[in-house]
Amino acid sequence: MIRFILVQNRQGKTRLEKWYSNYSEHERNKLKAEVHRTVASRDQKHQSNFVEFHNHRIVYRRYAGLFFCFCIDTNDNELSLLEAIHLFVEVLDAYHGNVCELDLVFNFYWVYSVLDEMFLAGEIQETSRSVILSRMEQLSALE
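The structure presented is a predicted model; accordingly, all values stated were derived computationally and were not measured. (Residues numbered from 1 in each chain as written. Predicted model: local features only at pLDDT ≥ 70, side-chain atom pairs only at ≥ 80, totals over all residues. Heavy atoms only, no water.)

Just checking my understanding: could you explain the pattern of salt bridges for this structure?
When their charged atoms lie close together, side chains carrying opposite charge are able to pair. Applying the stated criterion to the full structure yields eight salt bridges. Between Arg135 and Glu126 there is a salt bridge, with its nearest N and O atoms 3.7 Å apart. On the basis of relative accessible area, Arg135 is assigned to the partly exposed category, the value being 28%. By relative accessible area, which is 16% here, Glu126 ends up buried. Among the charged side chains, a network of salt bridges with common partners joins Glu52, Arg57 and Glu78. (Salt bridge = Lys/Arg side-chain N within 4 Å of Asp/Glu carboxyl O. Buried < 20%, exposed > 50% of the residue type's maximum accessible area, 1.4 Å probe, protein only.)

Here it is in structure tokens:
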């Protein structure tokens, strides 16, 4: 199960957060800082994208200046989550061209909609890029 999803820039500013487990505001702020310290200090060329973190595991991927971090249970499949991160970025790229930090800031409602289409209650719900994009087009038509 996914515990939380964070998208942070290189300075540690959180641009997107989704929590599937119950944490207090103090715990969330502490976790965001710890995740950034852990992920940002790793060598991208010689270390894997999986980090043991408390009793869980962080699966992350860096795209340009953004870290896409998923906290999962230790018995979950890390590679499937790594592919889910890549799919999430592909869907965002399909909509925005080449997604950047400002796209996440100014179109946060759309980004959260994509996130909700892909993940439900901390589990992967949809893995088809075309299905996700067609559902997002249907949502856009309603507005």
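Explain the environment of Asn9 here, please?
Looking at where Asn9 falls in the secondary structure, it is placed in strand S1 (residues 2-9). When the C-alpha positions of Asn9 and Tyr63 are compared, they lie 9.7 Å apart, and in sequence the two are 54 residues distant. Residues within four places of Asn9 in sequence aside, it is in contact with Arg15, His36, Gly65, Leu66, Phe67 and Glu101. Within the local environment of Asn9, its side chain forms a polar contact with the backbone nitrogen of Gln11, the two atoms lying 3.1 Å apart. A polar contact of 2.8 Å, which involves the side chain of Asn9, links it to the backbone nitrogen of Lys13. (Helix = DSSP H or I, 4+ residues; strand = E, 2+ residues; numbered from the N terminus. Contact = heavy atoms within 4.5 Å. Polar contact = N/O pair within 3.5 Å; in protein donor to acceptor, adjacent residues only side chain to side chain.)

What's the story with the sheet that holds strand S2 (residues 14-19) in this structure? I'm lost.
The five strands lie next to each other as S2-S1-S5-S4-S3, forming an open sheet whose pairing is antiparallel. At either end of the open sheet lies a strand with only one pairing partner, and these are S2 and strand S3 (50-53). Each strand of the sheet is rotated relative to its neighbour by a mean of 20°, with strand direction disregarded. Direction of pairing for strand S4 (residues 56-63) relative to strand S5 (residues 66-73): antiparallel, over a ladder of eight bridges. Bridge pairing in S5 links Tyr60 to Cys69. Docked against the sheet, helix H1 (residues 25-40) engages S1, S2, S3, S4 and S5, running at close to 65° with respect to S1. On top of the sheet, helix H2 (residues 78-96) reaches S1, S3, S4 and S5; it is set at about 35° to S4, its chief contact. (Pairing = 2+ DSSP bridges. Axes fitted to C-alpha atoms, helices over the stretch in contact; angles between N-to-C directions.)

Looking at this structure, how should I read the state of the cysteines?
Disulfide: a covalent bond formed between the sulfur atoms of two cysteine residues. Summed over all chains, the structure comprises zero disulfides. Considering cysteine sulfurs only, Cys71 is the nearest to Cys69, which forms no disulfide, with 9.8 Å between them. Of all cysteine sulfurs in the structure, the one in Cys69 sits closest to Cys100, which takes part in no disulfide; the separation is 18 Å. Judged by its relative accessible area of 34%, Cys100 is partly exposed. (Disulfide = S-S within 2.5 Å.)

Looking at this model, I keep getting lost on the packing of H2 against helix H5 (residues 129-142). Mind explaining?
Packed helix pairs are specified by the crossing angle of their axes together with the interaxial distance, meaning the distance between the axes. One can describe the packing of H2 onto H5 by two numbers: an axis separation of 10 Å at closest approach and a directional angle of 45°. Considered as vectors, H2 and H5 are oriented oblique to each other. Remark: the crossing between H2 and H5 carries right-handed chirality. Side by side, H2 and H5 meet where Leu87, Glu90, Val91 and Ala94 of the first sit next to Arg129, Ile132 and Leu133 of the second. (Parallel < 35°, antiparallel > 145°, perpendicular 65-115°, else oblique. Left-handed = near helix turned anticlockwise from the far one by under 90°.)

Keep in mind these numbers describe shape, not what the thing actually does.
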